[in-house]
Amino acid sequence: MINNIIVAYVNELLNKLKLDDYIGVLVYGSYVGNRSNDLSDLDVMIIKNNYETQDCGSLLINEIRVEYFVQDLKRLYELIKNEIDNNDPSHLTKFATCEILYDSNGKILEFVNYAKDIYNTKIVPLFDDNVKFSIFSINNRMEDLESLINSESFYAAYYITLEKIRVLYAKINGVIDLPLMKIEKIYSDINFAQKYIASPIHDLPSQEFIDLYLQCIKINDRVEMLNNLKRLYNYSFGKLDFDPQNFCLKFVKKHPFKV
């Protein structure tokens, strides 16, 4: 539950923004899930009807950093639909775990319940031609890393490739995508993971994937880092019915398109 101190912060935010025509206010993030620490921000979403722009900002209120969005209700429904279409409900976490501070007409509760229903839907694993092309692209990056082993750009290319593997593995296996900045904590602390995901319908990757991934994020000898990444790559894609060295794909462009 949201305590009176947080309510006071939100009221101060509304006063600073001089807002009085909103229909709802949500609070989400670490302050709601009892995951806050000294570096946590207070996340607030202010909802309006027929609002043509999307406003956002960050203000320091009584030494607490408050990050806010001002959003149109119809646009939020569209956002959810896009995430359904993209088979990735990760951003719905904020709505599925939020607290409603203000709801003028019941429409905010209706929206939040809708978001929770969508969030608590199992993700369908995906293995189409776009996924296969992504594996091919990652395979090329793996080969490029060999040539960068003595270059200062090795680390940047390495961690970009690592995250591409993680995201694609999640898509192929129907695992919820998660924010990069919280991955290590989620993978290392099951209690934190359960609070963050807040849904029994969504699973973490297999423990073997997690162990391999956590090994990959360690800064080590570059050759060993690359070997760790190869092990993760082979675990993630090695048993799939696709050979990135020998394939043919055909993509149909939808009109209108530009060359």
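Treat the numbers as computed from the prediction; the structure is a model and nothing was measured.

The rules we used
Residue numbers here run from 1 along each chain, matching the order of that chain's written sequence. The predicted origin of the model limits local features to residues at a pLDDT of at least 70 and limits the giving and counting of side-chain atom pairs to 80 or more, whereas totals for whole chains, interfaces and linings rest on all residues. With hydrogens and water stripped out, all remaining heavy atoms of the structure feed into the side-chain values. Confidence scores per residue from the predictor, reported as pLDDT, run from 0 to 100. Every helix listed is a DSSP run of H or I at least four residues long, and every strand listed is a run of E at least two residues long, numbered separately from the N terminus. The pairing test for Phe, Tyr and Trp rings, Trp by its six-membered ring, is centres within 6.5 Å, and the orientation test on the planes gives stacked under 30 degrees, edge-to-face over 60, and tilted for anything in between. Relative accessibility decides the category of a residue: with a 1.4 Å probe and only protein chains considered, values under 20% of the type maximum give buried, values over 50% give exposed, and everything between is partly exposed. Sitting over a ring, as applied to charges here, requires NZ of Lys or CZ of Arg to be within 6 Å of the ring centre and within 35 degrees of the ring normal. Strand pairing requires that DSSP identify at least two bridges connecting the strands. Axis definition: a line fitted to C-alpha atoms, limited for helices to the stretch in contact. Angles are taken between N-to-C directions and run from 0 to 180 degrees. Contacts are assigned to residue pairs with any non-hydrogen atoms lying within 4.5 Å of each other.

A few words now on the confidence of the model for the protein chain. Per-residue confidence for the protein chain gives a mean pLDDT of 89; residues scoring 70 or more make up 93%. The secondary structure element of the protein chain with the lowest average pLDDT is helix α3 (residues 93–96), at 85, and the one with the highest is helix α9 (residues 207–216), at 98.

Turning to the packing of aromatic side chains, a few remarks are in order. Per the stated rule, a full pass over the model turns up 16 aromatic pairs. Between tyrosine 22 and tyrosine 102 the ring centres are 5.4 Å apart and the planes differ by 80°, which places this aromatic pair in the edge-to-face class. One end of the pair, tyrosine 22, is in the loop between α1 (4–17) and β1 (24–28); the other, tyrosine 102, is in strand β5 (residues 99–103), and 80 residues separate them in sequence. Accessibility expressed as a relative area gives 37% for tyrosine 102, which makes it partly exposed. Joined through ring pairs, the aromatic side chains of Tyr169, Tyr187, Phe209, Tyr213 and Tyr235 make up one cluster. Lying over the aromatic face of phenylalanine 95, lysine 94 brings its terminal NZ or CZ to 5.8 Å of the ring centre.

To continue, consider the sheet that holds β1. Taken in spatial order, the 5 strands make up an open sheet running β3-β4-β2-β1-β5, and their pairing is mixed. The sheet is open, and its two edges are formed by β3 (55–61) and β5, each paired on a single side. Direction aside, the axes of adjacent strands within the sheet are offset by 20° on average. Looking at chain direction, β1 and strand β2 (residues 42–48) are connected through 5 bridges and run antiparallel. Of the residues in β2, the one forming a bridge with tyrosine 28 is aspartate 43. The strands that helix α2 (residues 73–85) touches are β2 and β4 (64–72); relative to β4, the one it contacts most, it runs at about 95°. Strand contacts of helix α4 (residues 107–119): β1, β2 and β5, with the helix running at about 155° to β5, the strand carrying the most contacts.

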